[in-house]
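Fold and geometry: a report
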Amino acid sequence: MTARHLQLIDPAPADAGAGDAVAAPVPRLRIAIATQDMKSLNAHFGSARRFAVWDVTPDEAHFVEAVGFDEVSDESGAHKVEGDDRIGPKVDALAGCNLLFVLAIGGPAAAKVVGARIHPVKLPAAQSIPSVIERVQTMMTGNPPPWLRKAMGAATPRSMDFLDEED
């Protein structure tokens with residue numbers, strides 16, 4: 001199973017001409033969204049024909065690429081020919097992503113995704129890609145949950161608001 005990548009090439013990177021001022025690093029997450037139509041999160045991991053990949057910061061989001069697959073699971077639960085790996089190529093194609101949004105993902109697939117340092121996030125119902133991005137941006141602001149802080153890496157300092165000044 002091969003993956004097709006459609007990437008946008010930005011002739012002027014976002015940080016070009018930023019000036020000489022040293023600014024604090026902006027937290028950034030690369031997210032992948034399982035989709036059948038490139039408009040909504042509406043697919044299970046195994047049956048997703050495409051993954052929409054976005055770079056998300058607390059204030060903006062940029063489409064990075066679409067990854068497409070011709071052969072996908074039919075969600076019957078039946079396995080194909082022995083040795084036919086349908087999970088590995090998908091996980092390999094998502095290398096560099098921090099989060100993966102899906103409607104469902106099986107145990108073996110989730111284990112491979114986590115092993116590739118991608119945090120899978122199952123949502124209970126289909127929703128538009130902009131609403132998934134808005135959800136991520138909301139979680140990134142303020143005091144993100146521990147799993148999201150880990151996905152964002154050292155770029156986001158942990159809030160110590162809960163500590164007493166006398167401690």
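The rules behind each value
Residues numbered from 1 in each chain as written. Predicted model: local features only at pLDDT ≥ 70, side-chain atom pairs only at ≥ 80, totals over all residues. Heavy atoms only, no water. Helix = DSSP H or I, 4+ residues; strand = E, 2+ residues; numbered from the N terminus. Buried < 20%, exposed > 50% of the residue type's maximum accessible area, 1.4 Å probe, protein only. pLDDT = per-residue confidence, 0-100. Contact = heavy atoms within 4.5 Å. Phe/Tyr/Trp six-rings, centres within 6.5 Å; stacked < 30°, edge-to-face > 60°. Lys NZ or Arg CZ within 6 Å of the ring centre and 35° of its normal. Pairing = 2+ DSSP bridges.

1. Side note on unusual backbone geometry
- One non-glycine residue, M38, adopts positive backbone phi at about 65 degrees.
- Note that M38 resides in the loop between β2 (29-35) and β3 (40-41).
- With a relative accessible area of 29%, M38 lands in the partly exposed category.
- Phi at R117 takes a positive value of approximately 65 degrees, unusual for a residue other than glycine.
- By secondary structure assignment, the location of R117 is in the loop between α2 (107-115) and β7 (119-122).
- Judged by its relative accessible area of 73%, R117 falls in the exposed class.

2. Considering the environment of G106
- Mapped onto the elements, G106 comes out in the loop between β6 (99-102) and α2.
- In sequence terms G106 and H44 are 62 residues apart; their C-alpha atoms lie 9.0 Å from each other.

3. Focus on the confidence of the model for the protein chain
- Summarising the model, the protein chain shows a mean pLDDT of 80, and 69% of its residues fall at 70 or more.
- Strand β1 (residues 3-7) is the least confidently modelled element of the protein chain, averaging 63 in pLDDT, while β3 averages 97, the highest of any element.
- Note on residues 154-158: pLDDT is under 50 here. Beyond four places in sequence and across chains, it has 5 contacts.

4. Some remarks on the packing of aromatic side chains
- On inspection of all chains with the given rule, the structure shows 3 aromatic pairs.
- Ring geometry for F45 versus F51: centroids 5.8 Å apart, planes at 50 degrees, classification tilted.
- By relative accessible area, which is 0% here, F51 ends up buried.
- Through a chain of ring-to-ring contacts, the aromatic side chains of F45, F51 and F69 assemble into a single cluster.
- The residue whose ring lies beneath K90 is F45, and the NZ or CZ to ring-centre distance is 5.7 Å.
- A cation sits over an aromatic face here: K90 above F69, 5.4 Å from the ring centre.

5. Side note on the pairing of β2
- Burial analysis of β2 places 6 of its 7 residues in the buried class, the great majority of the element.
- Alignment of β2 against strand β4 (residues 50-56), held across 7 bridges, turns out to be antiparallel. Bridging across to β4, T35 finds its partner in R50.
- As paired elements, β2 and β6 share 3 bridges and run parallel to each other. From the neighbouring strand, A32 faces β6, where its bridge partner is L100.

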